[in-house]
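Remarks on the overall topology
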Amino acid sequence: MNSAIEQVPHHHEIKAFISENTEKLELAFYNALVRAQKEGEIYFTESELLSIARFLNHARLSLTFTAKTGATTEVLRDIVCTTLSILD
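These figures come from a predicted structure and were not determined experimentally.

Brief notes about the pattern of salt bridges
It is possible for side chains of opposite charge to pair when their charged atoms get near one another. For the structure on display, the rule yields two salt bridges. Note that Arg54 and Glu26 form a salt bridge whose closest N and O atoms lie 3.9 Å from each other. One end of the pair, Arg54, is in helix α3 (residues 46-68); the other, Glu26, is in helix α2 (residues 12-38), with 28 residues separating them in the sequence. Since its relative accessible area comes to 14%, Glu26 is described here as buried.

Here it is in structure tokens:
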């Protein structure tokens, strides 16, 4: 993933792929948040839902990187719990 990111300024196809993938994942998080809101599980404004979806996607990227660098299960669980605490 890191080498792909480094190639973005030089390769339009890689940039397009990463951008499309990011948009799809943000939309998936957003749709899940909207569903949770409709079911009364969370309470946020429309713009907050979009911001949270973006945050969760970037937290996912960071978690993937952290896991690949050898973080312990305890560290990864702490990160996940802290990330999900924004939904409380």
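A few points about the nonpolar core
One finds Tyr30, Leu33, Val34, Ala36, Ile42, Phe44, Leu49, Ile52, Ala53 and Leu56 forming the largest nonpolar core, which totals ten residues. Contributions of two or more residues to this core are made by α2 and α3. Those residues in contact with Ala36 that lie beyond four places of it in its chain are Glu41 and Ile42.

Conventions used here
- Residues numbered from 1 in each chain as written.
- Predicted model: local features only at pLDDT ≥ 70, side-chain atom pairs only at ≥ 80, totals over all residues.
- Heavy atoms only, no water.
- Salt bridge = Lys/Arg side-chain N within 4 Å of Asp/Glu carboxyl O.
- Helix = DSSP H or I, 4+ residues; strand = E, 2+ residues; numbered from the N terminus.
- Buried < 20%, exposed > 50% of the residue type's maximum accessible area, 1.4 Å probe, protein only.
- Core = buried A, V, L, I, M, F, W, Y, C linked by side-chain atoms within 4.5 Å.
- Contact = heavy atoms within 4.5 Å.

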